[in-house]
Amino acid sequence: DSVSRFAENRAPAPLQVAKVGSHRATPLLHDRLRPQATTEAEISAKVLASGAADLAALFAAMEGFDACPLKKTATNTVFGVGNPEATIMLVGEAPGAEEDRRGQPFVGVSGQLLDRMLASIDLDREAVFITNMLAWRPPGNRKPTPEETSMCLPFIRRQIELIAPRVLVFVGGTSATTLLDNPAGITRMRGRWFDYPVRGGVSGVDIPAMPIFHPAYLL
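These notes cover the structure that comes with them. Just so you know, the residues in each chain are numbered from 1, in the order the chain's sequence is written. Whole-chain, interface and lining totals are the exception, using all residues; otherwise, since this is a predicted model, local features are given only for residues with pLDDT of at least 70 and side-chain atom pairs are given and counted only at 80 or more. To obtain the side-chain values, all non-hydrogen atoms of the structure were included, while hydrogens and water were left out.

### Some points on the sheet that holds strand 3 (residues 129-132)
Rule in force here: Strand pairing requires that DSSP identify at least two bridges connecting the strands. Helix numbers and strand numbers start at the N terminus; a helix is a DSSP run of H or I with at least 4 residues, a strand a run of E with at least 2. Throughout, an axis means a line fitted to C-alpha atoms (over the contacting stretch in the case of helices), and angles, computed between N-to-C directions, take values from 0 to 180 degrees.
The 6 strands lie next to each other as 1-3-2-4-6-5, forming an open sheet whose pairing is mixed. Strands at the two margins of the open sheet, each flanked by one partner only, are strand 1 (80-82) and strand 5 (194-196). Adjacent strand axes in the sheet meet at a mean angle of 30°, parallel and antiparallel pairs treated alike. Taken together, the 3 bridges between strand 5 and strand 6 (residues 207-212) define a ladder with antiparallel strand orientation. Residue pairing in the sheet places Phe194 in a bridge with Ala209 of strand 6.

### Comments concerning the packing of aromatic side chains
Put simply, the rule is: Stacked, edge-to-face and tilted labels apply to pairs of Phe, Tyr and Trp rings (six-membered ring for Trp) whose centres lie within 6.5 Å, assigned for plane angles under 30 degrees, over 60, and everything in between, in that order. Note on classification: 1.4 Å probe, protein chains only; a residue is buried when its accessible area is under 20% of the maximum for its type, exposed when over 50%, partly exposed between these limits.
A complete count under the given rule lists 5 aromatic pairs for this structure. Taking the centre distance of 5.1 Å and the plane angle of 65° together, the rings of Phe65 and Phe155 count as edge-to-face. Of this pair, Phe65 sits in the loop between helix 4 (55-63) and helix 5 (69-73) while Phe155 sits in helix 8 (residues 146-163), and the two are 90 residues apart along the sequence. Accessibility expressed as a relative area gives 2% for Phe155, which makes it buried. Ring centres of Phe170 and Tyr196 lie 6.2 Å apart, and the angle between their planes is 65°; on these two criteria the pair is classed as edge-to-face. Of the two residues, Phe170 is situated in strand 4 (residues 167-171) and Tyr196 in strand 5; the sequence distance between them amounts to 26 residues. Exposure class is identical for Phe170 and Tyr196. Each is buried. Chaining the aromatic ring pairs together yields one cluster made of Phe65, Trp136 and Phe155.

### Section: helix 8
The test is simple: The span you would expect from a helix comes to 1.5 Å times its residue count less one.
Between the first and last C-alpha of helix 8 there are 25 Å, a value that for 18 residues agrees with the 26 Å anticipated at 1.5 Å per step. Positive phi shows up at Ala164, right after helix 8, with a value of about 50°.

### Brief notes about the pairing of strand 6
Successive side chains on a regular strand alternate, one facing one side of the sheet and the next facing the other. Where burial is concerned, most of strand 6 is hidden: 5 out of the 6 residues are buried. Where strand 4 lies against strand 6, 4 bridges are found, and the strand directions are parallel. In the strand pairing of strand 6, Leu168 is matched with Ala209.

### A short note on the packing of helix 3 (residues 40-50) against helix 8
Describing two packed helices takes the angle between their axes plus the distance from one axis to the other. For clarity, the threshold we go by: Working rule for angles: under 35 degrees goes down as roughly parallel, over 145 as roughly antiparallel, 65 to 115 as roughly perpendicular, anything else as oblique. Throughout, a crossing is termed right-handed when the near helix is turned clockwise from the far one, and left-handed when it is turned anticlockwise from it by less than a right angle. Contacts: residue pairs with any heavy atoms within 4.5 Å of one another. All amino acids are sorted into three groups, where Ala, Val, Leu, Ile, Met, Phe, Trp, Tyr, Cys and Pro are nonpolar, Asp, Glu, Lys and Arg are charged, and the leftover types, Gly among them, are polar.
Interaxial distance between helix 3 and helix 8 falls to 7 Å at its minimum, and their mutual angle equals 10°. When the interaxial angle is binned, helix 3 and helix 8 end up roughly parallel. The chirality of how helix 3 crosses helix 8 is right-handed. Residues Ala41, Glu42, Ala45, Lys46, Leu48, Ala49 and Ser50 of helix 3 pack against Ser150, Met151, Pro154, Phe155 and Arg158 of helix 8. Here the residues of the contact of helix 3 with helix 8 sort into 7 nonpolar, 2 polar and 3 charged.

### Overview of the pairing of strand 2 (residues 88-92)
In terms of burial, strand 2 is a largely internal element, 5 of the 5 residues being buried. Because side chains alternate across strand 2, one face comprises the buried residues Ile88, Leu90 and Gly92, and the other comprises Met89 and Val91, equally buried. Where strand 2 and strand 4 come together, 4 bridges link them in parallel fashion. Bridged to Val91 within strand 4 is Phe170. Examined bridge by bridge, strand 2 and strand 3 share 4 bridges and lie parallel to one another. Each bridged residue has a counterpart across the sheet, and for Gly92 the counterpart in strand 3 is Asn132.

Structure, rendered in structure tokens:
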């Protein structure tokens, strides 16, 4: 039977989650995951992201951000879909070909499987918010470079702050290891609770986060 990890998290104090093996990355591990030098592009992204007061403003800021080379080869900025007031937010890795063409995340065969996974625990796209760590498709679906990831991070972090979910689900290893600053790998991290450190936003309280396998891997 399907097991809802979200249901396990429904308690009178929703942020007081029993976390199994919660990890914090040391500065050394953090350095391995991202470039040490802060580039002008990353500084620009941080300024644009921090100045966005709502999701519409954040999308406009991303549309106007031309420093990321991925944007130059992508067809669309794939922002996110679902309920902007959702208590559950899913963060994938990067758009694929179909997502890039349609401008929405998880609309290909992986998205169809994700929909079935959500339906098995009585959820759908109207109840959650779904997005990707990167808004632009890497050419040929290649793995994004550390530099490309770093300059996109301010946007996804701000998106998380604006949604302010009670639970985060990192769909796939790239979003999990990057946003949690933890290099352990998805096989070791999946199905376990971690703390996502909130750096701003409404609550200022760390968000319980659970990594899962990406539907493309399961397929």
